[in-house]
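One-letter residues, chain by chain:
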Amino acid sequence: MNLPERTHYAGEIRKSHVGQSVCLMGWVRRRRDLGSLVFVDLRDREGIVQIVFSEDLDAAAFAGAHELRPEFVILVRGTVRLRGERDVNPHMQTGAVEVAATFLEVLAEAETPPFAVEDEALVSEEMRLQYRYLDLRRPFQNARLVARHRLTRRTREFLSDRGFIEIETPFLTKSTPEGARDFLVPSRLRRGSFYALPQSPQLFKQLCMVSGFDRYFQVARCFRDEDLRADRQLEFTQIDIEMSFATQERVMAVAEGLILDLFEEVGWPAPASVPRLSYREAMERYGCDKPDTRFGMELKTVSGIAGQTSFGVFRSVLDAGGVVRGISVPGQAGPSRKQQEDLNGLVKPHGGKGVVTLWRKGGQIAGPALKHLGDGPAGALLEAVGAGDGDLGLFVADGYDTACACLSALRLHFAKALGLLEPDRHDLLWVHRFPMFEWSAEEGRWAARHHPFTMPRPEDWGILETDPGAAEALAYDLVLDGNEIGGGSIRIHRGDVQRRVFKVLGFSEEQAQEKFGFLLDAFRFGTPPHGGIAFGLDRLAMILLGCESIRDVIAFPKTTSGLCLMTGSPGTVEAAQLDELGVRLRPGE
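Residues numbered from 1 in each chain as written. Predicted model: local features only at pLDDT ≥ 70, side-chain atom pairs only at ≥ 80, totals over all residues. Heavy atoms only, no water.

1. Examining the overall build of the protein chain
The helix and strand tally for the protein chain stands at 17 helices and 22 strands. Each principal axis of the C-alpha atoms in the protein chain carries an extent, and together these give about 95 × 70 × 55 Å. Split into buried and exposed, the 589 residues of the protein chain put 48% on the buried side. Of the accessible surface of the protein chain, which amounts to about 28700 Å², a share of 50% is contributed by carbon and sulfur atoms. Distance between charge centroids for the protein chain: 2 Å, based on 71 positive and 82 negative side chains. (Helix = DSSP H or I, 4+ residues; strand = E, 2+ residues; numbered from the N terminus. Buried < 20%, exposed > 50% of the residue type's maximum accessible area, 1.4 Å probe, protein only. Areas by Shrake-Rupley, 256 points an atom, 1.4 Å probe, with all protein chains shown as cover. Lys, Arg positive; Asp, Glu negative; His and termini not counted. Charge placed at Lys NZ, Arg CZ, Asp CG, Glu CD.)

Structure representation (structure tokens):
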């Protein structure tokens, strides 16, 4: 095929090109046949331009235009000219011009697609993912991936300009504990041994610091075999950053600078400040460690008032060491019984048993629990959470973490239902001073809150073994509009401290050496203090571009059940392939 070079993208044609000869290539979006004239909308990744065919311009091209169908791939040569005044389309960037065609070649024909390749076409997500290559032709979806590219490019430019070096780390590595499930890859050459796909480049980026590359970054592909939701995929992209001779303040300054640079890329104004909350303050005020601070409804602990009542729901929880916490929902006094039942349903996924509702309306206190509490205590509870006349008080009695999780969910539910989220307001904040460890009742041991390579706060080194639950980490998360967009920490760079942390986590000396011996060995040869942060690029792009799901900003995503509807993966493999790997399936699988 003798294919000439394209001179312009369709969406680039403007008044400045009038009189120029152009060669365009793309897809037929629409054809309108008016007898003596045929109009074709030609689409490519940059947009749409109108092509005009007539017998006067070129008889062969005019005849060929009658046969064009949607999604045919065509090559057109012609001259750019102004549209007639009545024909100008102000809704198109190319709406003032058109191309008078003098040549047409069909490069590929197309069958009728299963859905219209138009922004306004209503298509199920399953259909979109099955025919993702057609979905990506739609201008709105095309624009999302182009915008993601610009975010990635700007990230690379920002970090490169500040002395960071992009280094690729391995995909085939060693399975290590203390994380989500690994994707395992059996080794053909070493039967019975397995690689793991990286959940993050954590250990390799630390080894880059040992190697002397004191400023590292990578736009890294990562893999976690975990249950999916709207903001997670089995494979995802991470902006990975690590710095030697770094303090927490220095890492946070680089991270803030990068995110504000990306704000500028999408046209968001920079916030006046980036406040910081300790983990404890975030939990006390908002009930979660990634709070959305764009609205109020802060949580209050009312255990003292609740403890003075004889209400069995409160008493049993308080006697067991739990708490009673609550929030005020503005203007929602007097919920129906169905609405109250719905609130109970909202907290059950978070471990809650139910919600106690009270309200004051027209000066009168009401609610199902009033008969157990009495006006005085009920009024004190409402006052404690800031509920005035016409407001609804919601109370949860449970363990501290469960009460926080339930009220956080209720807080977000009402913020959305009441339209309290201003679309043009974006709150960026740090949460820091996280617990170093958390108790895993399922495993009966302490687990790392972030990961086991996080440095404890130096003032807490003395309590690592004696009171691990009170130790805090030099860890920090960056939160945007209630979404954790990045998490990092200062890392352990001393072998003795790393071994102490491993011991708290229940690793024997032999287990630590088997799993992490290469890291401990590296620490013996001079490791600089270092720290870093990682941002989930998919999630970050989703938020910055105003999308509902990270699937909207990934070219070929999986479903929530981990399926690729387009390729049919995961799928079965030939028995011979399994034999080569020394893998045998159990009967019936």
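Now that the structure has been shown, the text picks up again.
2. Side note on the packing of helix H4 (residues 139–161) against helix H16 (residues 537–544)
Running from N to C, H4 and H16 point in directions that differ by 120°, and their axes come no closer than 10 Å. Put simply, H4 runs oblique to H16. Between H4 and H16 lies a crossing of right-handed hand. Where H4 abuts H16, its residues Arg 148, Leu 151 and Thr 152 lie against Leu 537, Asp 538, Ala 541 and Leu 544. (Axes fitted to C-alpha atoms, helices over the stretch in contact; angles between N-to-C directions. Parallel < 35°, antiparallel > 145°, perpendicular 65-115°, else oblique. Left-handed = near helix turned anticlockwise from the far one by under 90°. Contact = heavy atoms within 4.5 Å.)

3. Some points on the sheet that holds strand S14 (residues 356–361)
Pairing within the open sheet is antiparallel, and its five strands lie in the order S12-S13-S16-S14-S15. What marks the edges here is a single partner per strand, and that holds for strand S12 (300–301) and strand S15 (364–366). Across three bridges, S14 lies against S15 in antiparallel orientation. Pairing of Lys 361 across the sheet is with Gln 364, part of S15. Each of S12, S14, S15 and strand S16 (392–398) is contacted by helix H12 (residues 375–384), which is oriented at about 90° to S14, the strand it contacts most. (Pairing = 2+ DSSP bridges.)

4. A few points about the state of the cysteines
What the rule picks out here adds up to zero disulfides. A disulfide-free cysteine, Cys 208 has its sulfur positioned 14 Å from the sulfur of Cys 222, the nearest such atom. Take Cys 208: its relative accessible area is 10%, and that puts it in the buried class. The closest cysteine sulfur to the non-disulfide-bonded Cys 404 is located on Cys 288, 9.0 Å from its own sulfur. (Disulfide = S-S within 2.5 Å.)

5. With respect to the domain arrangement of the protein chain
Interfaces are often sized by the amount of accessible area the parts lose when they come together. When its domains are assigned, the protein chain resolves into domain 1 (10–108), domain 2 (140–270 + 533–579), domain 3 (295–418) and domain 4 (428–528). For domain 3 and domain 4, the distance between their C-alpha centroids amounts to 36 Å. (Domains from an automatic or database assignment.)

6. Section: the packing of aromatic side chains
Applying the stated criterion across every chain, the model contains 12 aromatic pairs. Aromatic pair Tyr 131 and Tyr 133: ring centres 6.3 Å apart, planes at 80°, arrangement edge-to-face. The class for Tyr 131 is partly exposed, based on a relative accessible area of 24%. The partly exposed category is assigned to Tyr 133, whose relative accessible area is 42%. With 6.2 Å between their ring centres and 65° between their planes, Phe 507 and Phe 516 make a pair best called edge-to-face. Note on Phe 516: relative accessible area 0%, which makes it buried. Aromatic ring contacts, followed pair by pair, group Phe 453, Phe 502, Phe 507 and Phe 516 into a single cluster. When the ring centre of Phe 103 is taken as origin, the NZ or CZ atom of Arg 77, which lies over that ring, is 4.8 Å away. (Phe/Tyr/Trp six-rings, centres within 6.5 Å; stacked < 30°, edge-to-face > 60°. Lys NZ or Arg CZ within 6 Å of the ring centre and 35° of its normal.)

7. Some remarks on the pairing of strand S20 (residues 475–480)
A regular strand carries its side chains on alternate faces of the sheet. Most of S20 sits out of view: six of its six residues are buried. Summarising the sheet, strand S17 (residues 428–432) and S20 pair through five bridges and their orientation is antiparallel. Bridge pairing links Leu 429 to Val 479 in S20. The sheet contact formed by S20 and strand S21 (residues 483–490) spans six bridges and is antiparallel. Following the sheet pairing, Tyr 476 is matched in S21 by Gly 488. If you look at the hairpin formed by S20 and S21, you'll find two residues sitting between the two strands, and Asp 481 has a positive phi there, around 50°.

8. Some words on the pattern of salt bridges
Per the counting criterion, the structure on display carries 46 salt bridges. Among the salt bridges present, the one from Asp 41 reaches Arg 32, with a minimum N-O distance of 3.5 Å. Counted as one network, the salt bridges with shared partners bring together Arg 29, Arg 30, Arg 32, Asp 41 and Glu 118. (Salt bridge = Lys/Arg side-chain N within 4 Å of Asp/Glu carboxyl O.)

9. Comments concerning the pairing of strand S9 (residues 215–223)
Among the nine residues of S9, seven are classified as buried, and the element is accordingly described as predominantly covered. When strand S6 (residues 165–166) meets S9, the two strands line up parallel, connected through two bridges. Considered in S9, the bridge of Glu 166 is made with Phe 217. Of the strand pairs in this sheet, S9 and strand S10 (residues 235–244) are connected by nine bridges, and their pairing is antiparallel.

10. Some thoughts on the packing of helix H10 (residues 337–347) against helix H13 (residues 400–417)
As a packed pair, H10 and H13 sit with axes 9 Å apart at the nearest point and diverge in direction by 125°. As summarised for this structure, H10 and H13 are arranged oblique, according to the angle between their axes. Handedness of the crossing formed by H10 with H13: right-handed. Contacts from Leu 343, Leu 346 and Val 347 of H10 reach H13 at Cys 406, Leu 410, His 413 and Phe 414.

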